[in-house]
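# Examining the three-dimensional arrangement
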Amino acid sequence: MDNYFCADNLYRVWDSVTVDFSFAAAKGTMTVIVGKSGSGKSTVLRLIAGLEESGKRNDGKECTVRLDGKTLTKTAPGKRGIGMVFQSHALFSHLTVTENVAYGLRSRGMGKKEAEAEAEKYIAEFALAGFGKRMPDTLSGGEAQRVSLARTLIVKPPLVLFDEPLSSLDAPLRKKLAYDIRKSQKREGFTGIFVTHDIAEAKAVADTVIVMENGKKKWEGAPEDFNESMLG
């Protein structure tokens, strides 16, 4: 495997679960971490993003997060070049859809007109053409999540973390947005790490599936070899 991304010795004691986890991913692939609630999936993402600090293992091995040859372990979260999509879309309520999607470009110094023109392109790619002037409180859950996805991807992060982004949606919409996420991942070419407890969702977006249980890696393989019995 071309280990474009590598996380070694992620370690965190969380409630009654000790997360002790390592994995790697090739460039432009989607790795899905599947596990029951409380297995430590979201903690893994937070450790990768730098939102939580890894604890110290008894054997002295240190946590290391690397992306495209660069070690990020000591890098501040905002400087890691990592995008995140959450279950809660967390849109800015006072900004329009276009302004929300353009926000990342504007914060990087792009002019308002240019940033919003680029945002309109992304909005259209996520089947939201004509939504640019809408406010977040007028959107459905699925529409808001597509805006969140567009806002994350417009700045072209090399690595995107998905923290159960579809879990609050109904089954038909989850299936549709899982397809949209996979399509955008192939189109944009980013490397993705996606956590979920939903088996169908995992199979829809994954190149590789990792089953997590009690903070540890239980199984890793191709999505076609993954089945419900592996979740215990």
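Everything discussed here concerns the structure shown above.
Quick summary incoming for the structure in this document.

### Structural notes on the sheet that holds strand β5 (residues 70-71)
Within the open sheet, the four strands sit side by side as β2-β1-β4-β5. Their pairing is antiparallel. Each having just a single partner strand, β2 (17-25) and β5 make up the two edges of the open sheet. Inspection of the sheet shows strand β4 (residues 64-67) paired to β5 by two bridges, in the antiparallel sense. Looking at the pairing, Leu-67 lines up with Lys-70 of β5. The sheet contacts of helix α1 (residues 41-49) involve β1 (5-14), β2 and β4, and relative to β1 the element is tilted by about 120 degrees.

### Brief notes about the packing of helix α2 (residues 97-107) against helix α4 (residues 141-153)
Closest axis-to-axis distance for the α2/α4 pair is 7 Å, and the angle between their directions is 30 degrees. With respect to α4, the element α2 is oriented roughly parallel. Note that α2 runs across α4; the crossing there is right-handed. Across the interface between the two elements, Val-97, Asn-100 and Val-101 of α2 pack against Val-147, Ala-150 and Arg-151 of α4. When grouped by side-chain class, the residues that make up the contact of α2 with α4 number four nonpolar, one polar and one charged.

### A short note on the pairing of strand β9 (residues 208-213)
With five of six residues buried, β9 is to be regarded as a mostly interior element. Taken together, the four bridges between strand β3 (residues 30-34) and β9 define a ladder with parallel strand orientation. Residue Ile-33 lies in a different strand from β9, and its bridge partner there is Ile-210. Across five bridges, β9 lies against strand β10 (residues 216-221) in antiparallel orientation. Counterpart to Val-211 in the pairing with β10 is Trp-219.

### Brief notes about the pattern of salt bridges
With the rule as written, the count across this model stands at 19 salt bridges. Residue Glu-116 pairs with Lys-112 through a salt bridge whose shortest N-O separation is 3.2 Å. Of the two residues, Glu-116 and Lys-112 both sit in helix α3 (residues 112-125), four residues apart, roughly one turn of that helix. We note a salt bridge from Arg-187 to Glu-125, for which the minimum N-O separation is 3.5 Å. You can see Arg-187 sitting in helix α5 (residues 171-188) and its partner Glu-125 sitting in helix α3, a full 62 residues away along the chain. Take Glu-125: its relative accessible area is 41%, and that puts it in the partly exposed class. Salt bridges linked by common partners bring Glu-125, Lys-156, Arg-187 and Glu-188 together as one network.

### Remarks on unusual backbone geometry
Residues other than glycine predominantly adopt negative phi, and peptide bonds predominantly adopt the trans conformation. Even without a glycine there, the phi angle at Asp-68 is positive, about 55 degrees. Topologically, Asp-68 is positioned in the loop between β4 and β5. Overall, Asp-68 belongs to the exposed group, its relative accessible area being 54%. One non-glycine residue, Glu-164, lies in the positive phi region at around 45 degrees. When you line up the elements, Glu-164 lands in the loop between β7 (159-163) and α5. Residue Glu-164 is classed as buried on the basis of its relative accessible area of 13%.

### Brief notes about the packing of aromatic side chains
By the definition in use, this model includes six aromatic pairs. Their ring planes at 50 degrees and their centres at 4.7 Å tell us that Phe-92 and Tyr-103 sit as a pair that is tilted. Placement of the pair is Phe-92 in the loop between β6 (82-86) and α2 and Tyr-103 in helix α2, with a sequence separation of eleven residues. Since its relative accessible area comes to 29%, Phe-92 is described here as partly exposed. Taking the centre distance of 6.1 Å and the plane angle of 35 degrees together, the rings of Phe-162 and Phe-190 count as tilted. In this pair, Phe-162 is assigned in strand β7 and Phe-190 in the loop between α5 and β8 (191-196), connecting sequence segments 28 residues apart. Grouping residues by exposure puts Phe-162 and Phe-190 together as buried.

Conventions used here
Residues numbered from 1 in each chain as written. Predicted model: local features only at pLDDT ≥ 70, side-chain atom pairs only at ≥ 80, totals over all residues. Heavy atoms only, no water. Pairing = 2+ DSSP bridges. Helix = DSSP H or I, 4+ residues; strand = E, 2+ residues; numbered from the N terminus. Contact = heavy atoms within 4.5 Å. Axes fitted to C-alpha atoms, helices over the stretch in contact; angles between N-to-C directions. Parallel < 35°, antiparallel > 145°, perpendicular 65-115°, else oblique. Left-handed = near helix turned anticlockwise from the far one by under 90°. Nonpolar A, V, L, I, M, F, W, Y, C, P; charged D, E, K, R; others polar. Buried < 20%, exposed > 50% of the residue type's maximum accessible area, 1.4 Å probe, protein only. Salt bridge = Lys/Arg side-chain N within 4 Å of Asp/Glu carboxyl O. Phe/Tyr/Trp six-rings, centres within 6.5 Å; stacked < 30°, edge-to-face > 60°.

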